[in-house]
Amino acid sequence: MVSATVLQLVVLACLVSALPARADRPEKPENLSCVAVQEKKYISTTLSCKWEAVGRQTTGVPTTYTLYVAVILSRVYNVSTRKNSAQVEFEDSFPNHMTLEIWVEAHNKLGRIESEHLKGDAGWFVKTNPPSDVKVISEKGFSTSLLISWTHPIPKEYVQLIYQIRYCISGSQNWTDVPLSDTANYIQSFRLQNLKPDTVYVTQVCCKNEKGGHGIWSNWSTNATERTPEDRPTSKPDLWRIIIEGDSINKRRVQFICKDPESANGRITRFEMKLGNLEWESINRSESSSSQREISVLKEIQLADEEFVRVDVTAVNSVGKSPEASLVISRKAHELAPIKELKVWPHEGQLWLEWKPPNSTSPSEYVVEWVSVEETDWQREHRNARNTAIRGTLKKFVLYNVSVYPIYSGGTGKPLSVEAFLEQGAPLEAPTIRLNGKAGRNEVELVWNDIPLQKRRGFITNYTIFYRSENGAHEVTVPGNSTSCTLRSLTGNTKYDAQIRASTIQGSTFSSNHSFFTLKYAQGEMESIVVGVSLGFMFIVVMTMLLCVYKKDVIKENFWPQIPDPGESTIGNWSPDYPLKAETPKENCVSGISVLDVDVCDGKCVFEEDKTSLPLKKDKYLSEEHSSGIGGSSCMSSPRQSVSDSDEGGDMPDTTASTVQYSSVVAPSGYKGQTPNSQPQQAIFSRSESTQPLLDCEENPDMLVQEGSRHSQRVPRQPYFTHSTGNQHSTNPADISQLHMEQQEELEPLDFCSLEEDNEQTPTDGQSADWLPAAPVSSYMPQLGGYRPQ
């Protein structure tokens with residue numbers, strides 16, 4: 001059921017679409033107009049008409065339009081068309097001064113209808129050419145007027161014309177029309193009045209048929225241009241100043257600048273200027289480019305901070321002088337109050353300002369100043385103004401410092417300034433970055449200069465520093481007023497590429513790359529290491545020296561042990577019957593020495609005398625010979641009394657734990673059976689005091705005898721020291737003692753191990769019976785407590 005209904009609807013739609021569109025009756029055409037233009041000196045015979053077609057037209061039932069032009073009391077012209085325009089050709093000539101009636105009829109198969117009828121003089125439909133030969137004449141003495149003249153485009157016999165005039169200042173599009181009441185006549189000239197002197201004006205003229213006021217205006221004539229004559233300036237010059245801090249202290253440089261009077265009424269040739277009470281001086285004008293009027297620099301003076309000055313200026317042209325303009329430069333410390341809350345913003349191609357007046361006094365006017373790198377300009381505002389737009393020509397992407405000065409009767413107030421751009425863009429270039437000093441190990445400082453004002457093209461909102469190495473890329477953003485940035489947490493001994501981006505609200509610009517290398521060691525790190533090592537070394541040296549000073553006795557004892565010097569000992573000669581005698585003078589020199597070698601006794605003290613000899617008896621002072629053990633022994637011993645001490649000698653002060661007495665007894669008799677000298681001699685006991693500890697062989701003479709007997713078979717003969725004079729050998733005890741001391745000095749630290757007699761030795765003929773064995777060299781062995789034979 002549903003499918004059948006859908007099928008019926010589809011069939012019905014197809015039938016409806018196949019039917020032709022519904023045709024309507026034509027509607028009345030509207031806005032019918034006709035015109036006959038001028039050809040040379042006559043009116044064209046062609047009348048052109050056009051209208052607006054109203055209503056819907058279809059291709060199946062088209063509408064046809066028929067134009068009817070009826071010349072009253074003559075004939076009717078018609079032409080048909082399907083367009084909305086048509087032309088009618090008159091016979092022979094245009095029907096001047098005759099009445100025409102014109103209408104349009106629209107008709108189709110469904111009906112017809114006529115438009116409104118136009119009926120009037122034939123001149124109503126005529127459009128002539130504009131006036132020709134339009135001239136403007138400037139008359140000297142008439143600085144505010146211009147005389148205009150022209151030629152009629154067509155003779156009066158054909159069309160009676162009226163004229164219309166308009167004019168404007170050259171370069172402006174604001175035309176001023178002369179009232180028709182002043183020009184609605186058949187005239188050929190007219191005087192324009194109330195014009196500005198010394199101003200260029202552009203003038204145009206048009207015309208139409210004067211009958212009934214229904215004619216068609218011709219086109220405007222070509223421009224006619226002329227300057228009005230000069231007149232005396234009627235307004236004051238616009239005087240202003242620029243104050244710059246002087247080169248010296250408490251001085252200001254004041255530069256006076258001036259614009260031509262707004263009503264200069266001619267070309268200003270010079271200015272007359274008066275400073276304070278000085279005479280008037282004439283200053284030729286100097287021109288500079290300005291968006292409004294020409295600006296001249298009058299003069300520059302040096303003014304102290306505590307001084308003020310009044311300046312009067314007049315402008316002079318070829319006709320006369322302008323009124324005076326005055327400006328007061330106040331003392332620096334007495335500048336008047338500024339305005340409040342200055343705001344500047346761009347809007348529709350202009351910079352707009354808004355401010356609040358000072359609270360204290362009311363200014364007489366305001367001066368709005370805008371300064372860029374290339375120019376300085378200003379404009380004046382009424383005392384009641386609270387906002388304004390800068391009327392000068394401003395450039396895009398240029399930074400302007402906009403200031404508002406309140407002007408008082410007594411001088412100029414302090415300015416309030418704001419920087420602004422008419423329009424911002426991306427910077428033309430980014431700053432060039434560089435290192436400040438040398439790169440460190442973990443941080444560097446990058447610095448850059450501000451972008452020049454001409455290339456900023458906007459307010460720098462921020463700088464972004466991009467730096468990258470083989471380890472990755474990083475970025476740091478700093479404010480727009482920054483000129484440096486420190487990069488931290490860098491890797492030592494690494495190459496980095498840095499780049500800076502300068503941004504405004506309208507875009508950004510990147511700089512070129514700058515590469516740098518971080519140090520392997522931080523600055524001062526190597527110096528710190530060297531200084532630390534040096535200080536440590538010095539500390540060790542100083543401590544070592546102090547330790548040596550405080551422990552010098554211990555060091556001396558371990559490295560330089562005290563060795564007795566027999567040559568420096570005190571030798572005393574004494575006998576049992578006499579007290580200790582003074583030592584034998586050393587003048588007794590040894591004239592001859594005989595030396596026999598002796599073997600070392602394997603670390604034991606061996607005497608070279610007969611191993612069966614008995615020790616020295618304590619109760620006998622006079623014996624054949626006795627030695628207390630002068631020399632060294634390998635036996636460890638402790639200090640004790642010398643064997644030369646008698647039983648009663650225990651009370652002597654020389655017998656101490658630290659003092660050892662070396663003694664030898666020289667008997668006056670012969671040695672072991674040798675024949676003594678015939679002269680009786682007193683027994684002498686020679687003693688030497690020393691601090692060397694006693695050797696074991698001295699402490700234990702019995703052990704020494706036993707050891708000597710044990711090793712007697714392998715001990716060769718020792719050298720003996722003999723003192724001879726000529727063929728006789730001297731046995732002077734003093735000489736022998738002196739010889740021992742000299743050997744001690746020469747062989748120090750060597751010492752004698754033992755002095756023994758050889759029982760088997762028999763002196764030869766010619767030798768003295770007095771002789772002693774030589775002392776073998778020994779070395780000191782501290783660990784054994786004595787000397788060890790070498």
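Counting of residues starts from 1 at the beginning of each chain's written sequence and follows it residue by residue. With pLDDT at 70 or above as the cut-off, local features in this predicted model cover only qualifying residues; side-chain atom pairs require 80 or more to be listed or tallied, and sums for whole chains, interfaces and linings still use all residues. By convention in this description, side-chain values take in all heavy atoms of the structure and omit both hydrogens and water.

(A) Layout of the nonpolar core. The set of buried Ala, Val, Leu, Ile, Met, Phe, Trp, Tyr and Cys residues whose side-chain atoms join them within 4.5 Å is what this entry labels a nonpolar core. Each residue is placed in one exposure class: buried if its accessible area under a 1.4 Å probe, protein chains only, is under 20% of its type's maximum, exposed if it is over 50%, and partly exposed if it falls in between. With 43 residues, the main nonpolar core has Leu47, Ile102 and Trp150 as its most contacted residues. By the convention used here, residues are in contact when the closest approach between their heavy atoms is within 4.5 Å. In this structure, Trp150 is in contact with Pro131, Ser132, Asp133, Val134, Tyr163, Ile165, Ile187, Gln188, Ser189, Phe190 and Val205, ignoring residues within four places of it in sequence.

(B) Here's a closer look at the environment of Gly458. What counts as a helix is a DSSP run of H or I of at least four residues, what counts as a strand is a run of E of at least two, and both are numbered from the N terminus. Take Gly458: it is sitting in the loop between helix H3 (453–456) and strand E35 (462–469). A residue is classified by how much of its surface remains accessible, and Gly458, at 2% relative accessible area, is buried. Along the backbone, Gly458 and Gly507 are 49 residues apart, and their C-alpha atoms lie at a distance of 9.4 Å. Filtering out sequence-adjacent residues up to four positions away, Gly458 remains in contact with Phe421, Gln424, Gly425 and Thr504.

(C) The arrangement of the environment of Lys321 in detail. Along the polypeptide, Lys321 turns up in the loop between strand E23 (309–316) and strand E24 (325–329). Each C-alpha atom, one on Lys321 and one on Arg232, is 6.2 Å from the other, the two residues being 89 residues apart in sequence. Engagement of the side chain of Lys321 in a polar contact is seen with the side chain of Glu272, the distance being 2.9 Å. As used in this structure description, the phrase polar contact means that two N or O atoms lie within 3.5 Å; if the pair is within protein, one of them must be able to donate a hydrogen and the other to accept it, and residues adjacent in sequence are counted only when both atoms belong to side chains.

(D) Representation of the pairing of strand E16 (residues 200–209) in the model. Among the 10 residues in E16, 9 count as buried, and that is most of the element. The pairing criterion for strands is at least two bridges between them, as found by DSSP. Two strands pair when backbone bridges link them, and strand E13 (residues 161–169) and E16 are joined in this way by 9 bridges, in the antiparallel orientation. Note on E16: the bridge partner recorded for Ile162 is Lys208. The pairing of E16 with strand E17 (residues 224–227) spans 4 bridges and is antiparallel. Residue pairing across strands places Val200 opposite Arg227, the latter belonging to E17.

(E) Here's a closer look at the side chain of Thr494. For Thr494, the location among the structural elements is in the loop between strand E37 (484–487) and strand E38 (495–504). There is a polar contact of 3.3 Å between the side chain of Thr494 and the backbone oxygen of Thr491. A polar contact of 3.0 Å, which involves the side chain of Thr494, links it to the backbone oxygen of Gly492. Those residues in contact with Thr494 that lie beyond four places of it in its chain are Ser469, Phe516, Phe517 and Thr518.

(F) Region of the structure containing a nonpolar patch on the surface. By definition, no residue in a patch forms a salt bridge, and every one has over 30% relative accessible area; like charges are joined within 9 Å, nonpolar side chains (Val, Leu, Ile, Met, Phe, Trp, Tyr) within 5 Å. Working definition of accessibility: Shrake-Rupley area with a 1.4 Å probe, residue cover restricted to the visible protein chains. The term salt bridge refers to a pairing of a side-chain nitrogen on Lys or Arg with a carboxyl oxygen on Asp or Glu at a separation within 4 Å. A cluster of nonpolar side chains, namely Phe539, Ile540, Val542, Met543, Leu546, Val549 and Tyr550, defines an oily patch on the protein surface of about 750 Å² accessible area. Using a relative accessible area of 52% as the deciding quantity, one classes Ile540 as exposed.

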